[in-house]
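Okay, here's what each chain looks like letter by letter:
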Amino acid sequence: MSIDSLRRSARETVSGLPQGFWWLWLSTLVNRTGAFVLTFLSLYLTVELGHSAWFAGLVVALHGLGGVAGSPLGGMLTDRWGRRPTMVTMHLAAAACAAALAVVTSAWAIATAVLLMGVAMQAVRPSINATIADMVPAHDVRRAYALNYWALNLGFAIASIGGGAAAFLGYRTLFVVDAVATTLCAVIVFLRLPETRPEAAVDRQGAPVVEEKVSMLTVLRDAPFRTLVLLNLLVCLVFTAPWIGLPLTMASQGLSPSSYGVVIAINGIVIVGFQLLVNKLTDKRSPVLLLTLSALLFAFGTGATALAGSPVAFAATVIVWTVGEMIHVPTNAAATARLAPEHARGRYQGVMGMSWAVAGFVAPIGAGAIVGGPGPDVLWAATAAIGVVAAAGYYTRLRKALADEPAETAAAAPVATAAPAAPVSAPVSAPGAAEAKGAESSPVGA
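Here's a quick rundown of the structure. As the structure is a computational prediction, the values presented were derived from the model and not from experiment.

1. Observations concerning the overall build of the chain
A tally of helices and strands in the chain yields 17 helices and zero strands. Expressed as a percentage of its 446 residues, the buried residues of the chain come to 53%. About 18,300 Å² of surface is accessible on the chain, with carbon and sulfur atoms providing 69% of the total.

Given below as structure tokens:
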């Protein structure tokens, strides 16, 4: 492929999206560029404050537990209160928690701040995903989710490198920078992003149409969507397992922590370098086939970890499941938006986000227990089996619900009309790294 063709593909990938999407994209990049808390939290707790590794793991797990509650809360607020108010409020709440971590030192205060941060960070994801579905034409939604996910990983990579280089300033300084970046993200949303919640439907006489009220139980009674959520939970368990099991597996073979650092860095490098290309190759493909393929890539990549014996071999397995990640995350988000009624997009995205949060809480505990008990080979055999089951489920259970629309219909899909933004006078989405990525993946903006 020539340089010109690559440039042309890149232009096609980023063209045709509304201006509001790019402000949202920028807010994601800014937010993740300053995301230092979860990346360095375990080191801060153990090295600087002298807490045990057990306590550090518990605190990180609390972040995931907060996300389990935050996701449905954010979904409800997104539909009732609005996309923009939910984003601004939850970003500011997350910033306040990051700032608190720079000040408090007691174990209870730290645990509380991290728990509340988990709630706030996960609560903002449904509003981000719903906003993308509102403002982007239906045939471009998956591409938009992929671009936002690329911004997330680009910001995460910058944060990891910059945070490591700036660690000599002290962990508390990094937490303050995180708070400032998250606040700036909220300011960008407040100043530049219009409210996109669909206006109430009216009949021909202009009278408001009473829409069916949608609760979380109503969402869970939607059989195709419930299947999509359960299958995504299986994939999330497989996706989260390497972030805990891989370093333990490599250590059991006598490989150094630095070897693991190089191997796992491949994940971010591949996403940042090739997400746009993967998106170009998979654009307009059947969502069922893409979800099936991604689950198989997760199964093959994690399962092959049991056969790896060198850093190069471990890196190869990471590349395989990373490609699965790049396909799965935007496709799953687009499938969620497709199945959700316009007036309930927030709740649907909130329930989907719960599957990511539950996996982020359960998988680290389960993977650690399996590696410490039956052994790493059992863990990787289990992830391979779960991935195959998920692939079979996608292919057999969702083919009708996610059947491709005719090309003419997709191309003619109207852009959701955004409600006018209120006049603005003044400003008012990986265990640490795993949790940080896992929390973000749900919204694609995770």
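The discussion continues.
2. Some remarks on the nonpolar core
Counting residues in hydrophobic clusters, the biggest one holds 56 residues, and the most contacted among them are F21, L41, L45, L101, I132, V136 and Y145. Going through the elements one at a time, α2 (19–33), α3 (37–48), α4 (53–80), α5 (83–101), α6 (107–135), α7 (141–166), α8 (171–192) and α13 (311–339) are the ones with two or more residues in this core. Ranked by the residues each element gives to this core, the list is headed by α6, at 12 residues. Every residue in contact with I132, bar those within four places of it in the chain, is listed here: F21, L24, A144, Y145 and N148. V238, M326, W356 and A390 belong to the second-largest nonpolar core, a separate cluster that totals 55 residues.

3. Regarding α2
Helix length check: α2, at 15 residues, gives a terminal C-alpha distance of 21 Å against a target of 21 Å (1.5 Å per residue), a fit within 8%. Among the residues of α2, those classed as buried are G20, F21, L24, W25, S27, T28, L29, V30, N31 and R32.

4. Structural notes on the environment of A144
Its location among the elements puts A144 in helix α7. On a C-alpha basis, the gap between A144 and P330 in space is 8.1 Å, while along the polypeptide they are 186 residues apart.

5. Describing the packing of aromatic side chains
Aromatic ring pairs are described here by two measures, namely the spacing of the ring centres and the angle between the planes. Under the definition given, this model contains 11 aromatic pairs. An angle of 90° between the planes, with centres 5.1 Å apart, marks the rings of Y44 and F175 as edge-to-face. In this pair, Y44 sits in helix α3 while F175 sits in helix α8, placing the two residues 131 residues apart along the sequence. In this pair, the class of Y44 matches that of F175, namely buried. Each ring, one from F239 and one from W356, has its centre 6.1 Å from the other, and the planes form 80°; the classification is edge-to-face. Pair noted here: F239 is in helix α10 (residues 223–252) and W356 is in helix α14 (residues 345–372), with a separation of 117 residues, a long-range link. What links up through ring pairs into an aromatic cluster is the set F239, W243, F298, W321 and W356. Seen from the ring of F190, R84 lies directly overhead, with NZ or CZ sitting 5.1 Å from the centre. Against the face of Y395 rests R399, its NZ or CZ located 4.4 Å from the ring centre.

6. Some details on unusual backbone geometry
Positive phi, normally seen in glycine, also occurs at K284, with a value near 70°. Position of K284 among the secondary structure elements: in the loop between α11 (257–282) and α12 (287–303).

7. A closer look at the packing of α12 against helix α15 (residues 376–397)
Two elements in contact, α12 and α15, have axes separated by 7 Å at closest approach and are oriented at 170°. The orientation of α12 with respect to α15, classified from their angle, is roughly antiparallel. Every residue of α15 that contacts α12 at V288, L289, L291, T292, A295, L296, A299, T302 and G303 is listed here: W380, T383, A384, G387, V388, A390, A391, Y394 and Y395. Considered class by class, the residues forming the contact of α12 with α15 number 13 nonpolar, five polar and no charged.

8. A short note on α8
Taking 1.5 Å of rise per residue, the 22 residues of α8 would be expected to cover 32 Å, and the 32 Å separating its terminal C-alpha atoms lies within 8% of that figure. All of the buried residues in α8 are Y171, L174, F175, D178, A179, A181, T182, C185, A186, I188, V189 and F190.

9. Some points on the pattern of salt bridges
Tallied over the entire structure, the rule returns six salt bridges. Ionic pairing is found between D79 and R347, a salt bridge with its closest N-O pair at 3.3 Å. Here the residue D79 occupies a position in helix α4, and R347 occupies one in helix α14, the gap between them amounting to 268 residues. An identical accessibility class is assigned to D79 and R347; each is buried. As a salt-bridge pair, D134 and R83 come within 2.6 Å of each other at their nearest N and O atoms. On the criterion of sequence distance, the pair formed by D134 in helix α6 and R83 in helix α5 is long-range, its members being 51 residues apart. For R83, a relative accessible area of 1% translates into the label buried. Salt bridges here are not isolated pairs; linked through shared partners, they connect D79, R83, D134, R345 and R347.

Conventions used here
- Residues numbered from 1 in each chain as written.
- Predicted model: local features only at pLDDT ≥ 70, side-chain atom pairs only at ≥ 80, totals over all residues.
- Heavy atoms only, no water.
- Helix = DSSP H or I, 4+ residues; strand = E, 2+ residues; numbered from the N terminus.
- Buried < 20%, exposed > 50% of the residue type's maximum accessible area, 1.4 Å probe, protein only.
- Areas by Shrake-Rupley, 256 points an atom, 1.4 Å probe, with all protein chains shown as cover.
- Core = buried A, V, L, I, M, F, W, Y, C linked by side-chain atoms within 4.5 Å.
- Contact = heavy atoms within 4.5 Å.
- Expected span 1.5 Å × (residues − 1).
- Phe/Tyr/Trp six-rings, centres within 6.5 Å; stacked < 30°, edge-to-face > 60°.
- Lys NZ or Arg CZ within 6 Å of the ring centre and 35° of its normal.
- Axes fitted to C-alpha atoms, helices over the stretch in contact; angles between N-to-C directions.
- Parallel < 35°, antiparallel > 145°, perpendicular 65-115°, else oblique.
- Nonpolar A, V, L, I, M, F, W, Y, C, P; charged D, E, K, R; others polar.
- Salt bridge = Lys/Arg side-chain N within 4 Å of Asp/Glu carboxyl O.

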